[in-house]
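For reference, the chains in residue letters:
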Amino acid sequence: MSTSITKVLMEAGAGAGKTYSLVKEIIKLLSEGRASTSEISAITFTNAAASEMKGRIQEQLLCPTDNPNLQNAAEHIDDLVVSTIHSFCNKILSLFPFELGFSLDKNIITEEKDIQKRIDELFENAIGECEEMESVCNEFGIKTRIIKDVFTDMVSSNIDSW
């Protein structure tokens, strides 16, 4: 349907009108027939922002109109992607796991306590697979707890940079 790709990146502080501006731009694209609902992805960082944006778009599309493009968009509102970056990436991983080199049993961990639990599991597995580690640590007087703390710091610093 569209003849050109439109990309919009919006960065601004809270209350600056990002949602208002993006909703206005999305409605304009739909109204002018430059994009269909299946060709639009609006990505944000929080579930609250994604819900608010989708709600505002739905509100606009459900208003009575003579515009056939908006009528069509209202009929296909479920094709419009408005989500968090996490949800969007999860969907891509779910749709193309093999192409991306992932297994089907992947899951996304977002809670800090769950991340720490997974780090602990990874460390315990690493210790279990390296039978020599504990004896080497004992030989040099290093407690495995110190190594675990270093491991946790390394993993955590990498997570923070994602």
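See the structure printed just above.
In this report, the structure presented in the accompanying data block is examined. Just so we're clear, the structure is a prediction, and the values are computed from it rather than from any experiment. (Residues numbered from 1 in each chain as written. Predicted model: local features only at pLDDT ≥ 70, side-chain atom pairs only at ≥ 80, totals over all residues. Heavy atoms only, no water.)

**Observations concerning the pattern of salt bridges**
Let me state the cut-off plainly: In what follows, salt bridge is the name for a side-chain nitrogen of Lys or Arg lying within 4 Å of a carboxyl oxygen of Asp or Glu. A 1.4 Å probe rolled over the protein chains alone gives each residue an accessible area, and that area as a share of the maximum for its type sets the label: buried under 20%, exposed over 50%, partly exposed in between.
Going through the model one piece at a time under the given rule, you end up with three salt bridges. With its nearest N and O atoms 3.3 Å apart, the salt bridge here joins Arg 34 to Glu 32. Overall, the relative accessible area of 42% leaves Glu 32 in the partly exposed class. One connected set of salt bridges, linked through shared partners, spans Glu 25, Glu 32 and Arg 34.

**A few points about the nonpolar core**
Which entries qualify depends on this criterion: We call a set of buried Ala, Val, Leu, Ile, Met, Phe, Trp, Tyr and Cys residues a nonpolar core when their side-chain atoms join them within 4.5 Å. Counting from the N terminus, the helices are DSSP H or I runs at least four residues long and the strands are E runs at least two residues long. Throughout, a residue-residue contact means that at least one pair of heavy atoms, one from each residue, lies within 4.5 Å.
Core analysis: the largest hydrophobic core is formed by 17 residues, its most contacted members being Leu 30, Ile 57, Leu 61 and Val 82. When residues of this core are traced back to their parent elements, those giving at least two are α1 (18-31), α2 (47-61) and α3 (68-75). Beyond its immediate stretch of four places on either side in the chain, Val 82 contacts Ala 42, Ala 50, Met 53, Lys 54 and Ile 57.

**Regarding the packing of α1 against α3**
Our working definition: Axes here refer to lines fitted to C-alpha atoms; in helices the fit is confined to the stretch in contact. Angles between the N-to-C directions go from 0 to 180 degrees. An angle below 35 degrees is treated as roughly parallel, one above 145 as roughly antiparallel, one from 65 to 115 as roughly perpendicular, and anything else as oblique. Residues are grouped as follows: Ala, Val, Leu, Ile, Met, Phe, Trp, Tyr, Cys and Pro are nonpolar; Asp, Glu, Lys and Arg are charged; all remaining types, including Gly, are polar.
One way to put it is that α1 packs onto α3 with a least axis distance of 8 Å and a crossing angle of 115°. Put simply, α1 runs roughly perpendicular to α3. Residues Ile 27, Leu 30 and Ser 31 of α1 touch α3, and the partners they reach there are Asn 69, Leu 70 and Ala 73. Among the residues making up the contact of α1 with α3, the classes are represented as four nonpolar, two polar and no charged.

**Describing the side chain of Ser 83**
Within the secondary structure, Ser 83 is located in strand β2 (residues 81-84). Residue classification places Ser 83 among the buried positions, given a relative accessible area of 10%. Excluding its chain neighbours within four sequence positions, the residues that come into contact with Ser 83 are Ala 42, Ile 43, Thr 44, Ala 50 and Phe 88.

**Topic: α2**
Rules: Take the number of residues in a helix, subtract one, and multiply by 1.5 Å to get its expected span. Taken from the helix axis, the directions to the C-beta atoms give the arc we talk about.
Compared with an ideal rise of 1.5 Å per residue, which puts 15 residues at 21 Å, α2 spans 21 Å between its outermost C-alpha atoms and is within 8% of the ideal. Within the sequence span of α2, burial applies to Ala 50, Met 53, Lys 54, Ile 57 and Leu 61. End-on, the buried residues of α2 take up no more than an arc of 95°, which puts them together on one face. In α2, the exposed residues that point more than 90 degrees away from the buried face are Ala 48, Ser 51 and Glu 59. Its buried side turned inward, α2 meets α1, β1 (41-44), α3 and β2.

**So, a nonpolar patch on the surface**
Put simply, the test is: A patch consists of residues whose relative accessible area exceeds 30% and which take part in no salt bridge; residues with like charges are grouped when within 9 Å of each other, and nonpolar side chains (Val, Leu, Ile, Met, Phe, Trp, Tyr) when within 5 Å. Working definition of accessibility: Shrake-Rupley area with a 1.4 Å probe, residue cover restricted to the visible protein chains.
A contiguous nonpolar patch, built from Val 136, Phe 140, Ile 142, Ile 146 and Val 150 and spanning about 440 Å² of accessible area, is present on the exposed surface. Mapped by element, the contributors of at least two residues to the nonpolar patch are α6 (131-140) and α7 (144-160). Mapping Ile 142 onto the fold places it in the loop between α6 and α7.

**Overview of α1**
Here α1 contains 14 residues, and its C-alpha end-to-end distance of 20 Å stays within 8% of the 20 Å for a straight helix at 1.5 Å per residue. Those residues of α1 that fall on the buried side of the exposure criterion are Thr 19, Val 23, Ile 26, Ile 27, Leu 29 and Leu 30. Seen from one end, α1 has its buried residues packed into an arc of 160°, which puts them on one side. Pointing more than 90 degrees away from the buried face of α1 are the exposed residues Tyr 20 and Lys 24. Structurally, α1 contributes buried residues whose contacts are with β1, α2 and α3. Immediately downstream of α1, the backbone of Gly 33 shows phi near 75°, a positive value.

Everything listed here is a matter of coordinates, which is why it stays silent on function.
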